[in-house]
Amino acid sequence: MFANAEIGIDLGTANILVYSKNKGIILNEPSVVAIDTVTKQVLAVGAEAKSMIGKTPGKIVAIRPMKDGVIADYDVTTSMLRMIMKKASKKTGMALRKPNVVVCTPSGSTSVERRAIHDAIKNCGAKHVHLIEEPVAAAIGADLPVDEPVANVIVDIGGGTSEVAIISYGGVVSCQSIRLGGDRLDDDIVQYVRKKYNLLIGERTAEQIKIEIGYAPIDHPEMTMEVRGRNLVTGLPMTVTLHSVEIQEAIKEHLLQILETIRTTLETSPPELSGDIVDRGVILTGGGALINGMQEWLSQEIVVPVHLAPSPLESVAIGTGRSLKFIHKLQKAAT
């Protein structure tokens, strides 16, 4: 047993990642909880609960207690975190007794939302809880020199939020956050397929479509994918073939909003840092960074180099775990 384990938690809308200083990423599970609506008992969390979405009997519901990067259902989130901490203990082979925890929060979150995250982690047995802004954690996880006086631009496209930040000297110089991310793009695909083909598909299918044939607004070799769902007219199962150009059009509007957020952030950059941005470019992280053609499209639009973080899906968790040594520089004391 060790009394003061140090772990970082990326409490994301789509996934929860736990990072241990000694072992790296020890847990990566979907932020989904399966609950018995009669007894209010948590039956499963993570991948097991996600596999139940849309397939459970009436009294069991699979829900996401995180919305737009913040807690939507406090009690369920606390129960989920307890089970996640237990899983993390098993993965490390040791009991996480009173660990010091660093957890990330969206830069646009309110003090009430931050307090809810802090209290939820504290109630799971953490000794000290430090909060760190998500873009800063992502920058640390992407190996950027955040404590040096140079501009580090991070674009973090997560499940619930997209954040763009210019970081220098260990702090956020300029930041924009919008509550729009991968989940909204999935919803765009669901609505498009429903409207055009009278076909009802689930969240998991929409996510799979986005990953396989979703494209940023650039020219690309056309791809197709067969999709199954329920015909809304006949009520019977049905298969349609979707084209990548259709999906590109379905998600285009919200991708343009993310681009506008990047532009607005760069426009508010101090002149001294703008030179750094031209040289060093922008780092893309988060699940949305992996959309086909995203890197090339952004590079064309903002006319500066766009680089992909080494581990886009894990950058925030890695940075959150590593950030304990930065905490004093970042002036993030326990709330």
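Below: a short report on this structure. Here the structure is a predicted model, which means the values were calculated and not measured.

## With respect to the pairing of strand β2 (residues 15-20)
No. 1: In terms of residue burial, β2 counts as a mostly covered element, since five of its six residues are buried.
No. 2: As paired strands, strand β1 (residues 6-11) and β2 are joined by five bridges and run antiparallel to one another. Considered in β2, the bridge of Ile-7 is made with Ser-20.
No. 3: Between the antiparallel neighbours β1 and β2 lie three residues.
No. 4: Relative to strand β3 (residues 24-30), β2 is paired through six bridges, and the arrangement is antiparallel. What sits directly across from Ser-20, in β3, is Gly-24.
No. 5: Following β2, the chain reverses through three residues before pairing antiparallel with β3.

## A look at unusual backbone geometry
Negative phi characterises most residues that are not glycine, and trans characterises most peptide bonds.
No. 1: Residue Lys-40 is not a glycine yet carries a positive backbone phi of 65°.
No. 2: Structurally, Lys-40 can be placed in the loop between β4 (33-36) and β5 (42-45).
No. 3: Look at Lys-40 and you get exposed, because its relative accessible area is 64%.

## So, the layout of surface pockets
No. 1: In this model, the largest pocket occupies a volume close to 740 Å³.
No. 2: Considering the residues around the largest pocket, the lining is formed by 38 residues, among which Ala-14, Asn-15, Gly-286, Gly-287 and Leu-313 are closest to the centre.
No. 3: When residues of the lining of the largest pocket are traced back to their parent elements, those giving at least two are β1, β2, β3, β11 (152-157), α5 (182-197), α6 (203-213) and α10 (315-322).
No. 4: It is α5 that provides the largest number of residues to the lining of the largest pocket, a total of four residues.
No. 5: For the lining of the largest pocket, the class distribution of residues is twelve nonpolar, 16 polar and ten charged.
No. 6: In this model, the second largest pocket occupies a volume close to 430 Å³.
No. 7: For the second largest pocket, the lining is made up of 21 residues, of which Arg-64, Lys-67, Asp-183, Arg-184 and Glu-203 are closest to its centre.
No. 8: Among the secondary structure elements, those contributing two or more residues to the lining of the second largest pocket are β7 (66-67), α5 and α6.
No. 9: With five residues, α5 is the single largest residue contributor to the lining of the second largest pocket.

## Focus: the nonpolar core
No. 1: Ranked by internal contacts, the top residues of the largest apolar core, which has 41 residues, are Ile-201, Ile-209, Leu-255 and Met-294.
No. 2: Of all the elements, helix α7 (residues 244-267) adds the most residues to this core, at seven residues.
No. 3: Beyond its immediate chain neighbours, meaning those up to four positions away, Ile-201 contacts Ile-189, Val-190, Val-193, Ala-206, Ile-209, Val-227, Arg-228 and Gly-229.
No. 4: Ile-9, Ile-35, Val-76 and Met-85 belong to the second largest nonpolar core, which has 29 residues in total.

Conventions used here
Residues numbered from 1 in each chain as written. Predicted model: local features only at pLDDT ≥ 70, side-chain atom pairs only at ≥ 80, totals over all residues. Heavy atoms only, no water. Buried < 20%, exposed > 50% of the residue type's maximum accessible area, 1.4 Å probe, protein only. Helix = DSSP H or I, 4+ residues; strand = E, 2+ residues; numbered from the N terminus. Pairing = 2+ DSSP bridges. 1 Å grid on protein atoms, 1.4 Å probe; cavity = no way out; pocket = protein on both sides within 12 Å on 5 of 7 lines; lining within 4 Å. Points joined across faces, edges and corners; volume = space filled by probe spheres on them. Nonpolar A, V, L, I, M, F, W, Y, C, P; charged D, E, K, R; others polar. Core = buried A, V, L, I, M, F, W, Y, C linked by side-chain atoms within 4.5 Å. Contact = heavy atoms within 4.5 Å.

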